Structure formats: structure tokens, C-alpha cells
Amino acid sequence: MTSTAHPAAVLVEGAYELAEGGRWVDGRYVYVDILSGRLFELRDDSGPATARQLARLDVPLGAVAPVSGRPDEWIAAAGTGIALLTADGALRWLDRPEDRTPVPSRMNDGVADPAGRFWAGSMAYDGTPGAGSLYRTDPDGTVVRVLDGLTITNGPAFTADGTTMYVADTAAGTVLRCRVDPVSGDLSAGPETFARLRDDEGSPDGMTVDDEGCLWIALWGTGTIRRYHPDGHLLHTVTVPAPHPTSVCLHPGDNRLFVTTARYGVASPTAASGAVLSAPVQARGTAACSWRGRL
């Protein structure tokens, strides 16, 4: 295992409360600030830059994915459910499953898979154990609960062929691996435990899979990013100058890692807490997949 100790560079001094969901979409870096319900894009990603706000909602915004064939339209894990977000900032709700839960809850991280489905997790506001779920939104707009009994659902992340999905339960310190039927979207095997983190190793948050099939995990609480081989052994650790990294994204054409971070829960935040960071790495990613909705 190798370790990179030099600090990552601050790319955007956003002072975000809870930035997350970083993705590479159509030649730009897109991310959210969950609690303020804001969506941002960054086109000039070569140095300190100012991000452009694309939307601001009146509910928390956990993550977005582009909608295939509809420029500037997104499918969003927002508030208590899944919605379509248009260029003018309007929401068209597909379902709000977290309205039907016994404790106040919200949607969290999410991503589209290579087959064109959108997957997103949820969590209780107070962190009630087992109150979180993972949902799949099919191209016809149907929202299906795939997993329950989670606490803080993060990720998910998919391999390039869409047959393997990783999901983090941040509060439990575990990363799960599931086999997915690429035709139906049903789980064909799993979930199985891929990695279990000790308290002093941090809590697994946002994740991504690189072009070699290795899994990158942001570890909340320790200011580190880990890269794991598909067989589960740790390959590399990157240290960042913020205690709460929340998501990771690899540039598809350059050897750079983008990291969102949070000021939430930091007793003495610095300029790097709540910023977007960038670090050189020996790996590349892939562009974000789109939701292939037929609505």
C-alpha cells in the first residue's frame, strides 16, 4: 500500500456546509451542497476557480444525474424522493418514498448506472439506525426500494459494465458489494461486505470506480481517500487537508482526483473545509452515466 501525504489544492473556496455528489458530466465537474439545496458546475477546473450555481431548491439536494437527450435537465435525489429538475429549477416529482417512513428522513447520495437507471439512498435526519434505504428509479419513472435496514446510505458506485454496485453505510463503517442484473436492475447476488472500517479509519462516504475497476472511497472524519483493488485489498491512500471529504470523482482524460468536503461537524474549519479540492493521482475515471428516462 502506498500513501500520498502532500496536501491537495483548493479548487473552489466554497465554504459549503455539506458539498457532495461530485460527477464529471459533459466536460464539466458538477456537484451539490446538500443542506442548502444547491447545484453547481465548474468548467475552469485547472486552478482556483468560481463555480456557477445551476439551481437552488427549497429542499435538500443529495445528488443529480443527467437525463439522456435533454440538455440541462437532471434527475435528482432531493427532499424525500426522486424528481426531475428542469433548467429553470422546477421539480417534477416521480415519487417521495421517504414521506412514508416512520421518522423524518431525506434523500442522500445517488448515481446513474451504465444501463440508464438512477440509484439513490436515504437517511433519517437524526441518524436512526436502520432507517435508510436504497432506491432504484427505472426509465419508466418507477421508484423501487432495493435495500433497507441501512443507516446513512452513500455511494452508490458502479463498475463500467454495470454488473457490480458498491454501497456504503457510513454510520456502520461498511461498504457493501452487490451483483446487479444489467437487464432487469435486480440484485442477482449480495449484498456482501466488501470493506469494514474501524472507527479510527474514518467512515465511508462518497465513492467512485476508476477505469481499472478499482474503488475509491472518501473517508469522513480522517481526511483520507482510499483506493481498493476489486479483490478488497488496499492499494493507495491520499491525504487531504480537510477532515470530512464527502465524494470523489476522477477526471476521465487527466490524472486528477476531485474531492468535495464539508464544514458540517468541523469544530475549527479552515479554507479547505467545505471546499472542492483537487489532487494528482495515477488513475482516471469515466464520465457520469445518464438516466435514460422515457417520460
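It should be noted that the structure appears before, not after, this text.
Residues numbered from 1 in each chain as written. Predicted model: local features only at pLDDT ≥ 70, side-chain atom pairs only at ≥ 80, totals over all residues. Heavy atoms only, no water.

## What about the nonpolar core?
Link 1 in the chain: Ranked by internal contacts, the top residues of the largest apolar core, which has 17 residues, are Trp216, Ile225, Val248, Leu257 and Leu277.
Link 2 in the chain: Mapped onto this core, the elements with two or more residues apiece are strand E20 (215–220), strand E23 (245–250), strand E24 (256–261) and strand E25 (276–280).
Link 3 in the chain: Every residue in contact with Leu277, bar those within four places of it in the chain, is listed here: Ala8, Ala9, Val10, Leu11, Val240, Pro241, Ala242, Leu257, Phe258, Val259, Thr261 and Ala272.
Link 4 in the chain: Val25, Leu57, Ala76 and Trp220 belong to the second-largest nonpolar core, a separate cluster that totals 16 residues. (Core = buried A, V, L, I, M, F, W, Y, C linked by side-chain atoms within 4.5 Å. Buried < 20%, exposed > 50% of the residue type's maximum accessible area, 1.4 Å probe, protein only. Helix = DSSP H or I, 4+ residues; strand = E, 2+ residues; numbered from the N terminus. Contact = heavy atoms within 4.5 Å.)

## A few points about the environment of Ala267
Link 1 in the chain: By the element assignment, Ala267 lies in the loop between E24 and E25.
Link 2 in the chain: Separated by 217 residues in sequence, Ala267 and Thr50 have C-alpha atoms that sit 26 Å apart.

## With respect to the sheet that holds strand E6 (residues 52–56)
Link 1 in the chain: Within the open sheet, the four strands sit side by side as E3-E4-E5-E6. Their pairing is antiparallel. Each edge of the open sheet is held by one strand with a lone partner, namely strand E3 (19–25) and E6. Mean inter-strand twist for the sheet, computed between neighbouring axes without regard to direction, equals 20 degrees.
Link 2 in the chain: As defined by bridge partners, strand E5 (residues 38–42) adjoins E6 across four bridges and the pair is classed as antiparallel. Bridge assignment links Arg38 to a residue of E6, and that residue is Arg56. (Pairing = 2+ DSSP bridges. Axes fitted to C-alpha atoms, helices over the stretch in contact; angles between N-to-C directions.)

## A look at the side chain of Arg136
Link 1 in the chain: With respect to the helices and strands, Arg136 occurs in strand E13 (residues 132–137).
Link 2 in the chain: By relative accessible area, Arg136 is classed as buried at 6%.
Link 3 in the chain: Among all residues touching Arg136, those that are not within four sequence positions of it are Arg117, Phe118, Trp119, Thr142, Val143, Val144, Val146, Ser184, Gly185 and Asp186.

## Observations concerning the state of the cysteines
Link 1 in the chain: Summed over all chains, the structure comprises zero disulfides.
Link 2 in the chain: No disulfide involves Cys178; its sulfur sits 17 Å from that of Cys289, the nearest cysteine.
Link 3 in the chain: On the basis of relative accessible area, Cys178 is assigned to the buried category, the value being 0%.
Link 4 in the chain: Not engaged in a disulfide, the cysteine Cys249 finds its nearest cysteine sulfur in Cys289; these two sulfurs lie 12 Å apart.
Link 5 in the chain: On the basis of relative accessibility, which here comes to 4%, the residue Cys249 falls in the buried class. (Disulfide = S-S within 2.5 Å.)

## Examining the side chain of Ser133
Link 1 in the chain: Tracing the chain through its elements places Ser133 in strand E13.
Link 2 in the chain: When near neighbours in sequence (up to four residues on either side) are disregarded, Ser133 contacts Ala120, Gly121, Ser122, Arg145, Leu147, Asp148, Leu150 and Thr153.

## So, the pairing of E20
Link 1 in the chain: Most of E20 sits inside the fold, with six of its six residues counted as buried.
Link 2 in the chain: Burial of E20 is two-sided: the residues Leu215, Ile217 and Leu219 facing one way and the residues Trp216, Ala218 and Trp220 facing the other way are all buried.
Link 3 in the chain: As judged from the five bridges shared by strand E19 (residues 203–209) and E20, these two strands associate in the antiparallel manner. By the bridge assignment, Met207 is partnered in E20 with Ile217.
Link 4 in the chain: What sits between the antiparallel neighbours E19 and E20 is a turn of five residues, in which Gly213 has the positive phi angle 85 degrees.
Link 5 in the chain: As judged from the five bridges shared by E20 and strand E21 (residues 224–228), these two strands associate in the antiparallel manner.

## Side note on the pattern of salt bridges
Link 1 in the chain: The full count for this structure, using the stated rule, is 17 salt bridges.
Link 2 in the chain: As a salt-bridge pair, Asp95 and Arg100 come within 3.3 Å of each other at their nearest N and O atoms.
Link 3 in the chain: Owing to a relative accessible area of 21%, Asp95 belongs among the partly exposed residues under this scheme.
Link 4 in the chain: For Arg100, a relative accessible area of 58% gives the class exposed.
Link 5 in the chain: Each member of the salt-bridge network shares a partner with another, and the members are Arg28, Glu41, Arg43 and Arg52. (Salt bridge = Lys/Arg side-chain N within 4 Å of Asp/Glu carboxyl O.)

Take it as geometry only, folks, not as evidence of what the structure does.
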